[in-house]
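Spelled out from the first residue to the last, the chains are:
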Amino acid sequence: MPLLFSYGTLRDPAVQRANFGRELGGRSDALPGYTMGVLEITEPGVIALSGTAHHPVASPTGNPVDRVEGTVFEITDEELVAADGYEVSDYRRALCPLASGAQAWVYVAA
């Protein structure tokens, strides 16, 4: 099963239910070499579902001391496709190493 690391709205149970049809169980982890910023979303459906137009966005710094805290979830391939449909084009999905040593898909700055 793929791993998905989230530091933002994909951790929200309402967003999970809408995209995956269930709430996900996860564990804390971190994304080293990235810092957090804020992105203004303009997609009405995403704003309605998340409740905000301002979403966090992780950007690479190359400095392993920098890190973004979040949650890693085990999901299905179909749920990963559903997450792709939820995320706007300001994000891209990347396979990244986490602080725990796991590799997970992460939506980072495009």
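If you're wondering where the values come from, they're calculated on a predicted model, not measured in any experiment.

Asks: Please clarify how empty space enclosed by the protein should be interpreted in this entry.
Replies: Empty pockets left among the atoms are what a rolling probe the size of a water molecule brings to light. All told, the structure shown has one cavity of 30 Å³ or more when counted by the stated rule. Volume-wise, the largest cavity comes out at about 100 Å³. A per-class count over the lining of the largest cavity returns six nonpolar, four polar and one charged.

Asks: Looking at this structure, I do not really get the environment of D90. What am I missing?
Replies: Along the chain, the position of D90 falls in the loop between helix 3 (77-86) and strand 6 (91-97). C-alpha of D90 to C-alpha of Y107: the two residues are 17 residues apart in sequence and 9.3 Å apart in space. Ignoring sequence-local partners within four residues, the contact set of D90 consists of L39, V108, A109 and A110.

Asks: Could you clarify how one ought to interpret the packing of aromatic side chains in this entry?
Replies: Applying the stated criterion to the full structure yields zero aromatic pairs. Sitting above the plane of the W105 ring, R93 keeps its charged end 4.4 Å from the centroid.

Asks: Just to check I follow, could you spell out the nonpolar core for this structure?
Replies: Grouped burial of nonpolar side chains is what soluble globular proteins tend to show. F5, Y7, L10, L31 and Y91 are the most contacted members of the largest nonpolar core, which has 32 residues in total. When contributions to this core are tallied by element, the ones reaching two or more residues are strand 1 (3-6), helix 1 (13-20), strand 3 (34-40), strand 4 (54-60), strand 5 (67-74), helix 3, strand 6 and strand 7 (103-109). Per-element accounting of this core gives the leading share, four residues, to strand 7. Excluding residues within four positions of it along the chain, F5 makes contact with D29, A30, L31, V68, E69, G70, T71, V72, L98, A104, W105 and V106.

Asks: What exactly am I supposed to notice about helix 3 here?
Replies: Helical geometry: 3.6 residues make up each α-helical turn, so side chains three or four residues apart lie on a common side. Among all positions of helix 3, only E79, L80, A83 and Y86 are buried. All buried residues of helix 3 lie within an arc of 110° about the axis, which places them on one face of the element. Of the residues in helix 3, the exposed ones pointing more than 90 degrees away from the buried face are D77, E78, V81 and G85. On its buried side, helix 3 packs onto strand 1, helix 1, helix 2 (44-50), strand 4, strand 6 and strand 7.

Asks: Sorry if this is basic, but what is going on with helix 1 here?
Replies: Residues of helix 1 that are buried: V15, Q16, N19 and F20. Angularly, the buried residues of helix 1 cover 100° about the axis, an arc narrow enough to put them on a single face. Lining the buried residues of helix 1 we find helix 2, strand 5 and helix 3. Backbone nitrogen of A14 and a side-chain oxygen of the N-cap are separated by 2.7 Å at the start of helix 1; the cap is D12. Trailing helix 1 by a residue or two, G21 shows a phi angle of about 75°, which is positive.

Asks: Would you mind showing me how to read the environment of V46 here?
Replies: Assignment of secondary structure puts V46 in helix 2. Spatially, the C-alpha atoms of V46 and Y34 are 24 Å apart, while their sequence positions differ by twelve residues. Once residues lying within four places of it in the same chain are set aside, the contact partners of V46 are I41, G51, H55, Y86 and V88.

Rules used in this analysis
Residues numbered from 1 in each chain as written. Predicted model: local features only at pLDDT ≥ 70, side-chain atom pairs only at ≥ 80, totals over all residues. Heavy atoms only, no water. 1 Å grid on protein atoms, 1.4 Å probe; cavity = no way out; pocket = protein on both sides within 12 Å on 5 of 7 lines; lining within 4 Å. Points joined across faces, edges and corners; volume = space filled by probe spheres on them. Nonpolar A, V, L, I, M, F, W, Y, C, P; charged D, E, K, R; others polar. Helix = DSSP H or I, 4+ residues; strand = E, 2+ residues; numbered from the N terminus. Contact = heavy atoms within 4.5 Å. Phe/Tyr/Trp six-rings, centres within 6.5 Å; stacked < 30°, edge-to-face > 60°. Lys NZ or Arg CZ within 6 Å of the ring centre and 35° of its normal. Core = buried A, V, L, I, M, F, W, Y, C linked by side-chain atoms within 4.5 Å. Buried < 20%, exposed > 50% of the residue type's maximum accessible area, 1.4 Å probe, protein only. Arc of directions from axis to C-beta. Polar contact = N/O pair within 3.5 Å; in protein donor to acceptor, adjacent residues only side chain to side chain.

Nothing here speaks to function; it is all geometry.
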